[in-house]
Amino acid sequence: MGPLHGLRVIELAGVIMGPYAAQQLGDLGADVIKVEPPTGDITRHYPPTRSPGMGAATLNLNRNKRSVAIDLKAPGGRDALLALTATADVFITNVRPQALERLGLGYEEVAAGNSGLVYVNAQGFRSDSELGGRAAYDDIVQAASGLVWLNEQVSGIPYFVPTVIADKICGLVIVQSVLAALRHRDRTGQGQHVEVPMADTMLAFNLVEHLAAATLDPPEGPIGYARALSSQRRASRTADGWMCILPYSDRNWYDFFAHVGRPELAGDPRFASLGARASYADELYALAGEFTARHTNAEWQAFCDANSIPAAPVLSLAEAVAGDYATEGGLLRTAVHPTEGGYRLIGQPVRFSATPAGLHRHCPHIGEHTEEVFAEIGHRPSA
């Protein structure tokens with residue numbers, strides 16, 4: 001049934017962040033009702049598609065949900081949504097606060113009909129800041145949070161991480177925040193308003209290691225974790241491919257240097273301690289890279305495993321999902337949608353011994369459950 005069975009979540013969100021958060025809750029057993037306009041969430045139209053409104057991304061993002069189509073600008077639209085939120089435990093939206101206020105769907109209006117509701121809105125910037133009304137998507141947040149700058153320090157090019165990292169991290173923070181607020185409600189009976197600003201969330205995320213010497217007041221150095229910002233921190237060429245080989249402890253490095261025939265390097269002051277190695281990361285990684293081409297991936301993996309040195313070959317995404325590890329773990333399997341046919345289902349990586357998460361219902365079509373849901377709550381939407 002899933003650990004969140006019995007919980008009702010209303011999702012008024014589009015693109016990735018909000019739908020990804022609600023998908024996680026749905027995978028865990030919550031009854032997620034996705035409210036979308038009659039034209040559907042924009043991700044429904046991302047190619048490739050087999051039929052209109054059922055793009056590839058939406059098959060996973062909107063699984064374990066029921067879809068209710070509401071035109072919030074039409075007469076009765078707001079009342080229909082309020083009828084839903086009155087029955088819910090959680091309301092998740094990434095509509096900008098200013099637009100929600102114009103629709104009469106701010107926290108105070110929605111909570112008036114359900115004092116125990118956990119109301120979560122997530123958007124690019126804090127609503128009480130001068131940037132609160134600014135539009136933002138993943139790339140914008142990567143730039144505003146220092147992530148693009150970090151990439152530039154390593155490569156000289158201010159590129160974006162090639163995944164919607166801000167959307168997905170913030171989606172997971174939404175889930176964390178929902179569960180924390182529900183715990184508070186369990187103790188007190190009180191719902192609350194939770195705001196997840198993407199720029200703030202990603203800045204805090206990036207600062208975990210990169211605040212570094214600037215943590216101290218006054219600072220004892222610039223922002224930035226030297227090892228992570230080394231231009232030499234990359235996969236190493238081997239005799240037959242590429243490997244990530246990461247000696248970390250003193251013992252790891254002693255064993256590595258001995259294996260490549262340079263045991264004296266363990267006593268080099270630049271490499272003799274964790275702090276020294278971080279300060280001389282460029283030199284260390286460049287030197288290590290000179291040795292790795294002597295052995296194959298399999299030889300390096302055997303040596304590293306025998307000496308508890310973290311290591312892995314560089315895999316493409318296609319290789320990663322087709323490999324034994326992912327296959328045996330069910331991280332990507334084939335499912336059959338009742339109208340879209342076979343598709344590849346992204347598995348839930350977290351294992352629950354008593355309440356396993358998983359697929360409870362396939363991605364719905366736009367508005368597929370509108371009549372069903374409103375019949376359940378006894379609401380007749382205006383024509």
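In the block above lies the structure referred to throughout.
A quick note: this is a predicted structure, and the numbers were derived from the prediction, not measured.

Visitor: Help me understand the packing of helix α10 (residues 250-259) against helix α12 (residues 281-291), please; the structure alone is not making it clear to me.
Guide: Axis angle and axis distance: for two packed helices, these are the angle between their axes and the distance between the axes, and together they describe the pair. In contact at an axis separation of 11 Å, α10 and α12 are set at 40° when each is read in the N-to-C sense. The angle between the axes of α10 and α12 places the two elements in the oblique class. Both α10 and α12 take part in a crossing whose hand is left-handed. Residues W253, F256 and F257 of α10 form the contact with α12, whose participating residues are L284, A288 and F291.

Visitor: It is not clear to me how the pattern of salt bridges should be interpreted in this structure. Could you clarify?
Guide: If charged atoms from side chains of opposite charge come close, those side chains can pair. Scanning all chains against the criterion turns up 18 salt bridges. Among the ionic pairs, K34 bridges to E11, the shortest N-O distance being 2.5 Å. With a gap of 23 residues between them, K34 in strand β2 (residues 31-36) and E11 in strand β1 (residues 8-12) connect regions that are remote in the sequence. The same class applies to K34 as to E11, namely buried. Among the ionic pairs, D128 bridges to R126, the shortest N-O distance being 3.6 Å.

Visitor: What should I look at first to understand the nonpolar core in this one?
Guide: As a rule of thumb, nonpolar side chains are buried together in soluble globular proteins. In terms of nonpolar packing, the biggest core is built from 35 residues, with V9, L25, V90, I92, V120, I174 and V178 touching the most fellow members. Looking at this core element by element, the count peaks at 8 residues for helix α8 (residues 165-188). Leave out the neighbours within four places in its chain, and V90 touches L7, R8, V9, I10, L117, V118, V178 and L182. Of all hydrophobic cores here, the second largest spans 22 residues; its members include V68, I70, L81 and V110.

Visitor: Even after reading the chapter, I still don't get the sheet that holds strand β6 (residues 192-197), so can you show me in this structure?
Guide: Within a sheet, neighbouring strands are paired by backbone hydrogen bonds and run either parallel or antiparallel to one another. Pairing in this open sheet of 6 strands is parallel, and the strands run β3-β2-β1-β4-β5-β6 from one edge to the other. Each end of this open sheet is capped by a strand with a single partner; those strands are β3 (65-69) and β6. Recorded for the sheet is a direction-independent mean angle of 20° between the axes of neighbouring strands. As judged from the 4 bridges shared by β1 and β2, these two strands associate in the parallel manner. Bridged to I10 within β2 is I33.

Visitor: So what exactly am I meant to see when it comes to the sheet that holds strand β7 (residues 236-237) here?
Guide: Read across the open sheet, the 3 strands follow the order β7-β8-β9; overall the sheet is antiparallel. In the strand order of this sheet, the two ends are held by β7 and β9 (311-313), each with one partner. Where strand β8 (residues 242-245) meets β9, 3 bridges bridge the pair, whose relative direction is antiparallel. Looking at β9, one finds that M243 is bridged to P313. Those strands touched by helix α13 (residues 297-306) are β8 and β9, and its axis lies near 15° from that of β8.

Visitor: What is the right way to look at helix α3 (residues 77-85) in this model?
Guide: Side chains of residues three or four places apart in an α-helix project in the same direction, reflecting 3.6 residues per turn. Buried residues dominate α3, accounting for 7 of its 9 residues. Listed as buried for α3 are G77, A80, L81, L82, A83, L84 and T85. Those residues of α3 hidden inside the fold are in contact with β1, β2, β3, β4 (90-93), α5 (107-111) and α16 (370-377).

Conventions used here
- Residues numbered from 1 in each chain as written.
- Predicted model: local features only at pLDDT ≥ 70, side-chain atom pairs only at ≥ 80, totals over all residues.
- Heavy atoms only, no water.
- Axes fitted to C-alpha atoms, helices over the stretch in contact; angles between N-to-C directions.
- Helix = DSSP H or I, 4+ residues; strand = E, 2+ residues; numbered from the N terminus.
- Parallel < 35°, antiparallel > 145°, perpendicular 65-115°, else oblique.
- Left-handed = near helix turned anticlockwise from the far one by under 90°.
- Contact = heavy atoms within 4.5 Å.
- Salt bridge = Lys/Arg side-chain N within 4 Å of Asp/Glu carboxyl O.
- Buried < 20%, exposed > 50% of the residue type's maximum accessible area, 1.4 Å probe, protein only.
- Core = buried A, V, L, I, M, F, W, Y, C linked by side-chain atoms within 4.5 Å.
- Pairing = 2+ DSSP bridges.

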